[in-house]
Amino acid sequence: MTYSDEVQHMCVVKKGPNHGPAPIPEEGKWVKSKEIVDISGLTHGIGWCAPQQGACKLTLNVKKGVIQECLIETIGCSGMTHSAAMAAEILPGKTILEALNTDLVCDAINTAMRELFLQIAYGRTQSAFSEGGLIIGAGLEDLGKGHCSQIGTTYGTLTKGPRYLELAEGYIKRVALDKDDQICGYEFINMGRFMEEIKKGTDANEALKKVTGTYGRFTTEQGAVKYIDPRKE
(Lines give C-alpha, C1' and ligand atoms only; values in the text may rest on other atoms or scores of the structure.)
Protein backbone atom coordinates (compact mmCIF):
# COMPACT_ATOMS: atom_id res chain seq x y z
CA MET A 1 0.00 0.00 0.00
CA THR A 2 1.42 3.37 -1.00
CA TYR A 3 1.07 6.50 1.16
CA SER A 4 1.64 10.10 0.15
CA ASP A 5 4.56 12.04 1.66
CA GLU A 6 2.12 14.09 3.74
CA VAL A 7 0.65 11.00 5.36
CA GLN A 8 4.04 9.33 5.89
CA HIS A 9 5.26 12.32 7.94
CA MET A 10 2.20 12.46 10.17
CA CYS A 11 2.45 11.34 13.79
CA VAL A 12 0.38 8.38 14.97
CA VAL A 13 -2.81 9.09 16.92
CA LYS A 14 -4.50 6.03 18.41
CA LYS A 15 -8.14 5.23 17.60
CA GLY A 16 -10.75 5.35 20.31
CA PRO A 17 -13.48 2.72 20.86
CA ASN A 18 -14.53 0.74 17.80
CA HIS A 19 -17.76 -1.16 18.33
CA GLY A 20 -18.11 -2.41 14.75
CA PRO A 21 -21.26 -2.18 12.63
CA ALA A 22 -24.71 -1.72 14.06
CA PRO A 23 -26.58 -5.03 14.33
CA ILE A 24 -29.32 -5.75 11.80
CA PRO A 25 -32.25 -8.18 12.15
CA GLU A 26 -31.71 -11.43 10.26
CA GLU A 27 -33.96 -14.47 10.58
CA GLY A 28 -34.84 -13.81 14.19
CA LYS A 29 -31.36 -12.73 15.31
CA TRP A 30 -29.41 -9.49 15.61
CA VAL A 31 -26.30 -9.81 13.45
CA LYS A 32 -23.27 -7.55 13.05
CA SER A 33 -22.58 -8.22 9.39
CA LYS A 34 -18.98 -7.79 8.26
CA GLU A 35 -18.72 -10.39 5.49
CA ILE A 36 -21.08 -11.60 2.76
CA VAL A 37 -21.48 -14.89 4.66
CA ASP A 38 -23.07 -12.91 7.51
CA ILE A 39 -26.12 -12.07 5.37
CA SER A 40 -29.32 -14.15 5.27
CA GLY A 41 -32.96 -13.41 4.47
CA LEU A 42 -35.86 -13.68 2.06
CA THR A 43 -37.11 -10.53 0.38
CA HIS A 44 -38.76 -9.07 -2.72
CA GLY A 45 -37.95 -6.10 -4.92
CA ILE A 46 -39.12 -4.34 -8.07
CA GLY A 47 -36.96 -3.26 -11.03
CA TRP A 48 -37.54 -1.49 -14.33
CA CYS A 49 -35.65 -0.96 -17.58
CA ALA A 50 -34.31 2.39 -18.82
CA PRO A 51 -37.16 3.06 -21.31
CA GLN A 52 -39.61 1.76 -18.67
CA GLN A 53 -41.26 -0.63 -21.09
CA GLY A 54 -41.42 -3.40 -18.52
CA ALA A 55 -40.96 -4.28 -14.88
CA CYS A 56 -39.65 -7.21 -12.84
CA LYS A 57 -40.52 -8.46 -9.37
CA LEU A 58 -37.62 -10.47 -7.98
CA THR A 59 -37.76 -12.70 -4.88
CA LEU A 60 -34.55 -14.07 -3.34
CA ASN A 61 -33.98 -16.48 -0.47
CA VAL A 62 -30.42 -15.97 0.78
CA LYS A 63 -28.67 -18.24 3.29
CA LYS A 64 -25.19 -17.27 4.58
CA GLY A 65 -24.64 -14.91 1.67
CA VAL A 66 -25.55 -17.41 -1.06
CA ILE A 67 -28.75 -17.26 -3.12
CA GLN A 68 -30.57 -20.56 -2.62
CA GLU A 69 -33.84 -19.70 -4.35
CA CYS A 70 -35.12 -17.08 -6.78
CA LEU A 71 -38.52 -16.21 -8.23
CA ILE A 72 -38.64 -13.88 -11.22
CA GLU A 73 -41.91 -12.35 -12.39
CA THR A 74 -41.99 -9.98 -15.36
CA ILE A 75 -44.58 -7.86 -17.11
CA GLY A 76 -44.82 -5.52 -20.07
CA CYS A 77 -41.95 -6.72 -22.30
CA SER A 78 -41.86 -9.93 -24.33
CA GLY A 79 -38.05 -10.10 -24.38
CA MET A 80 -37.95 -9.94 -20.60
CA THR A 81 -39.63 -13.33 -20.23
CA HIS A 82 -36.65 -14.96 -21.93
CA SER A 83 -34.29 -12.95 -19.75
CA ALA A 84 -36.16 -14.25 -16.71
CA ALA A 85 -35.53 -17.83 -17.82
CA MET A 86 -31.81 -17.13 -18.01
CA ALA A 87 -31.72 -15.29 -14.69
CA ALA A 88 -33.39 -18.26 -12.99
CA GLU A 89 -30.39 -20.33 -14.08
CA ILE A 90 -27.81 -17.67 -13.27
CA LEU A 91 -28.79 -16.53 -9.76
CA PRO A 92 -28.93 -19.66 -7.53
CA GLY A 93 -25.51 -20.49 -6.10
CA LYS A 94 -24.11 -16.97 -6.41
CA THR A 95 -23.34 -14.74 -3.45
CA ILE A 96 -25.42 -11.58 -3.36
CA LEU A 97 -22.29 -9.59 -4.20
CA GLU A 98 -21.66 -11.76 -7.28
CA ALA A 99 -25.30 -11.42 -8.31
CA LEU A 100 -25.16 -7.64 -7.93
CA ASN A 101 -22.26 -7.54 -10.39
CA THR A 102 -23.60 -10.14 -12.83
CA ASP A 103 -25.33 -9.24 -16.10
CA LEU A 104 -28.81 -10.71 -15.66
CA VAL A 105 -29.58 -9.99 -19.34
CA CYS A 106 -32.45 -7.55 -18.70
CA ASP A 107 -32.09 -4.10 -17.12
CA ALA A 108 -35.33 -4.55 -15.19
CA ILE A 109 -33.98 -7.69 -13.49
CA ASN A 110 -30.61 -6.01 -12.88
CA THR A 111 -32.38 -3.07 -11.23
CA ALA A 112 -34.48 -5.40 -9.10
CA MET A 113 -31.28 -7.13 -7.97
CA ARG A 114 -29.86 -3.76 -6.92
CA GLU A 115 -32.97 -2.94 -4.89
CA LEU A 116 -32.91 -6.36 -3.20
CA PHE A 117 -29.23 -6.00 -2.33
CA LEU A 118 -30.02 -2.79 -0.46
CA GLN A 119 -32.86 -4.42 1.47
CA ILE A 120 -30.83 -7.51 2.37
CA ALA A 121 -27.67 -5.58 3.31
CA TYR A 122 -29.65 -3.31 5.67
CA GLY A 123 -31.73 -6.10 7.23
CA ARG A 124 -35.04 -4.96 5.71
CA THR A 125 -36.14 -8.44 4.67
CA GLN A 126 -39.49 -10.22 4.95
CA SER A 127 -37.86 -12.83 7.19
CA ALA A 128 -35.96 -10.36 9.42
CA PHE A 129 -37.86 -11.41 12.54
CA SER A 130 -38.68 -15.01 11.54
CA GLU A 131 -36.62 -17.38 13.69
CA GLY A 132 -34.54 -19.57 11.40
CA GLY A 133 -35.77 -17.70 8.34
CA LEU A 134 -37.99 -19.16 5.66
CA ILE A 135 -37.46 -22.57 4.05
CA ILE A 136 -36.27 -22.98 0.49
CA GLY A 137 -39.49 -23.05 -1.48
CA ALA A 138 -41.11 -20.15 0.36
CA GLY A 139 -40.65 -17.97 -2.71
CA LEU A 140 -42.57 -20.39 -4.89
CA GLU A 141 -45.43 -20.43 -2.39
CA ASP A 142 -46.10 -16.77 -3.24
CA LEU A 143 -47.64 -17.98 -6.51
CA GLY A 144 -50.28 -20.14 -4.85
CA LYS A 145 -51.56 -23.53 -5.96
CA GLY A 146 -51.91 -22.55 -9.61
CA HIS A 147 -48.27 -21.42 -9.80
CA CYS A 148 -49.27 -18.23 -11.61
CA SER A 149 -48.25 -14.65 -10.87
CA GLN A 150 -50.79 -12.26 -9.38
CA ILE A 151 -51.45 -10.02 -12.37
CA GLY A 152 -53.85 -7.12 -12.79
CA THR A 153 -54.67 -5.74 -16.23
CA THR A 154 -57.29 -3.04 -16.59
CA TYR A 155 -58.00 -0.54 -19.34
CA GLY A 156 -60.16 2.58 -19.57
CA THR A 157 -61.11 5.49 -21.79
CA LEU A 158 -62.88 8.73 -21.01
CA THR A 159 -65.68 8.05 -23.48
CA LYS A 160 -66.29 4.35 -22.77
CA GLY A 161 -65.10 3.88 -19.19
CA PRO A 162 -63.15 1.04 -17.53
CA ARG A 163 -62.59 -2.55 -18.63
CA TYR A 164 -61.34 -5.27 -16.26
CA LEU A 165 -59.25 -7.78 -18.24
CA GLU A 166 -57.34 -9.75 -15.63
CA LEU A 167 -57.23 -9.50 -11.84
CA ALA A 168 -55.77 -11.50 -8.95
CA GLU A 169 -58.53 -14.10 -9.23
CA GLY A 170 -57.74 -14.71 -12.91
CA TYR A 171 -58.86 -14.00 -16.48
CA ILE A 172 -62.00 -11.86 -16.52
CA LYS A 173 -64.72 -13.49 -18.63
CA ARG A 174 -67.65 -11.13 -18.00
CA VAL A 175 -68.17 -7.86 -16.14
CA ALA A 176 -71.48 -7.14 -14.37
CA LEU A 177 -73.00 -3.65 -14.49
CA ASP A 178 -75.67 -2.24 -12.18
CA LYS A 179 -78.61 0.02 -13.05
CA ASP A 180 -76.24 3.00 -13.24
CA ASP A 181 -73.94 1.17 -15.70
CA GLN A 182 -71.24 0.95 -13.04
CA ILE A 183 -69.17 -2.21 -12.47
CA CYS A 184 -70.57 -4.19 -9.53
CA GLY A 185 -68.98 -7.61 -10.07
CA TYR A 186 -67.24 -9.94 -12.49
CA GLU A 187 -66.88 -13.54 -13.56
CA PHE A 188 -63.36 -14.95 -13.71
CA ILE A 189 -61.43 -18.04 -14.83
CA ASN A 190 -58.45 -19.15 -12.76
CA MET A 191 -56.04 -20.12 -15.56
CA GLY A 192 -53.50 -21.76 -13.27
CA ARG A 193 -56.08 -24.12 -11.79
CA PHE A 194 -57.57 -24.67 -15.27
CA MET A 195 -54.27 -25.94 -16.65
CA GLU A 196 -53.82 -28.17 -13.62
CA GLU A 197 -57.21 -29.75 -14.30
CA ILE A 198 -56.35 -30.27 -17.97
CA LYS A 199 -53.09 -31.99 -16.99
CA LYS A 200 -55.09 -34.33 -14.75
CA GLY A 201 -57.14 -35.37 -17.78
CA THR A 202 -60.32 -33.47 -16.89
CA ASP A 203 -62.52 -32.65 -19.88
CA ALA A 204 -61.92 -29.03 -20.92
CA ASN A 205 -65.56 -27.97 -20.55
CA GLU A 206 -65.82 -29.62 -17.14
CA ALA A 207 -62.49 -28.09 -16.06
CA LEU A 208 -63.70 -24.65 -17.14
CA LYS A 209 -66.79 -24.97 -14.96
CA LYS A 210 -64.71 -26.02 -11.95
CA VAL A 211 -62.36 -23.05 -12.12
CA THR A 212 -64.92 -20.36 -12.98
CA GLY A 213 -66.06 -18.11 -10.15
CA THR A 214 -67.58 -14.70 -9.47
CA TYR A 215 -66.71 -11.72 -7.32
CA GLY A 216 -68.85 -8.88 -6.03
CA ARG A 217 -72.55 -8.40 -6.86
CA PHE A 218 -72.64 -10.56 -9.95
CA THR A 219 -76.15 -12.01 -9.99
CA THR A 220 -79.38 -10.20 -10.87
CA GLU A 221 -80.58 -10.81 -7.31
CA GLN A 222 -77.55 -8.89 -6.07
CA GLY A 223 -78.20 -5.91 -8.34
CA ALA A 224 -76.50 -6.79 -11.63
CA VAL A 225 -78.56 -5.57 -14.59
CA LYS A 226 -76.42 -6.54 -17.57
CA TYR A 227 -73.16 -8.24 -18.46
CA ILE A 228 -70.46 -7.33 -20.97
CA ASP A 229 -67.43 -9.06 -22.44
CA PRO A 230 -64.63 -6.58 -21.58
CA ARG A 231 -62.63 -7.58 -24.64
CA LYS A 232 -65.41 -7.08 -27.18
CA GLU A 233 -67.95 -4.62 -25.86
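Residues numbered from 1 in each chain as written. Predicted model: local features only at pLDDT ≥ 70, side-chain atom pairs only at ≥ 80, totals over all residues. Heavy atoms only, no water.

**Student:** So what about the overall build of the protein? Which residues, and what values?
**Tutor:** Helix and strand counts for the protein come out as seven helices and 11 strands. A globule of 233 residues ought to have a C-alpha radius of gyration of about 17 Å, yet the protein, at 25 Å, is considerably larger. Based on the C-alpha atoms only, the size of the protein along its principal axes is roughly 90 × 45 × 35 Å. The buried share among the 233 residues of the protein stands at 33%. For the protein, long-range pairs separated by at least 24 residues make up 50% of all intrachain contacts whose partners lie at least 6 apart in sequence. Total accessible area computed for the protein in this model is approximately 14,700 Å², and 54% of it derives from carbon and sulfur atoms. Taking the 26 positively charged and 29 negatively charged side chains of the protein as two groups, their mean positions are separated by 4 Å. (Helix = DSSP H or I, 4+ residues; strand = E, 2+ residues; numbered from the N terminus. Rg over C-alpha atoms; globule rule 2.2 N^0.38 Å. Buried < 20%, exposed > 50% of the residue type's maximum accessible area, 1.4 Å probe, protein only. Contact = heavy atoms within 4.5 Å. Areas by Shrake-Rupley, 256 points an atom, 1.4 Å probe, with all protein chains shown as cover. Lys, Arg positive; Asp, Glu negative; His and termini not counted. Charge placed at Lys NZ, Arg CZ, Asp CG, Glu CD.)

**Student:** A description of the packing of aromatic side chains should follow, citing residues and the corresponding values.
**Tutor:** Scanning the entire structure with this criterion turns up four aromatic pairs. With 6.2 Å between their ring centres and 70° between their planes, W30 and F129 make a pair best called edge-to-face. Residue W30 is located in strand β2 (residues 29–31), and its partner F129 is located in the loop between α4 (107–121) and α5 (138–141); the two are separated by 99 residues in the primary sequence. Judged by relative accessible area, which is 60%, W30 ranks as exposed. Ring pairing ties together the aromatic residues Y164, Y186 and Y215, which thus form one cluster. Sitting over the face of the ring of Y227, R174 holds its NZ or CZ atom 4.8 Å from the ring centroid. Directly above the ring of Y171 sits R231, whose terminal nitrogen or CZ lies 3.8 Å from the centroid. (Phe/Tyr/Trp six-rings, centres within 6.5 Å; stacked < 30°, edge-to-face > 60°. Lys NZ or Arg CZ within 6 Å of the ring centre and 35° of its normal.)

**Student:** Report on the state of the cysteines, specifying residues and quantitative values.
**Tutor:** Tallying each qualifying case throughout the model produces zero disulfides. Residue C77 stays outside any disulfide, its sulfur separated by 6.2 Å from that of C106, the closest cysteine. What makes C77 partly exposed here is its relative accessible area of 28%. (Disulfide = S-S within 2.5 Å.)

**Student:** I'd like a description of the pattern of salt bridges, backed by residues and values.
**Tutor:** Applying the stated criterion to the full structure yields nine salt bridges. Here R114 and E115 are joined by a salt bridge, their closest N and O atoms 2.8 Å apart. Taking the shortest distance from any N to any O, the salt bridge between E187 and R174 comes out at 2.8 Å. One end of the pair, E187, is in strand β9 (residues 183–189); the other, R174, is in strand β8 (residues 170–177), with 13 residues separating them in the sequence. The class of R174 is partly exposed, set by a relative accessible area of 31%. Residues participating in the shared-partner salt-bridge network are E197, K200 and K210. (Salt bridge = Lys/Arg side-chain N within 4 Å of Asp/Glu carboxyl O.)

**Student:** Outline the confidence of the model for the protein, listing residues and values.
**Tutor:** Across the protein, pLDDT averages 93, with 100% of residues at or above 70. Summarising per-element confidence for the protein, the mean pLDDT is lowest in α5 (89) and highest in strand β11 (residues 226–228) (97). (pLDDT = per-residue confidence, 0-100.)

**Student:** Now, about the pairing of β8: what can you tell me, with residues and values included?
**Tutor:** Pairing of strand β7 (residues 161–167) with β8 involves two bridges; the strand directions are antiparallel. Residue pairing in the sheet places E166 in a bridge with Y171 of β8. Turn length for the β7-β8 hairpin, with the two strands adjacent in sequence and antiparallel, is two residues. For β8 and β9, the ladder comprises six bridges, and the chain directions are antiparallel. Paired with I172 across the bridge in β9 is F188. (Pairing = 2+ DSSP bridges.)

**Student:** Which residues make up the side chain of S127, and what values do they have?
**Tutor:** By the element assignment, S127 lies in the loop between α4 and α5. On the accessibility criterion, S127 (0% relative accessible area) is buried. Setting aside its immediate chain neighbours within four residues, S127 contacts E27, G28, G41, L42, G133 and L134.

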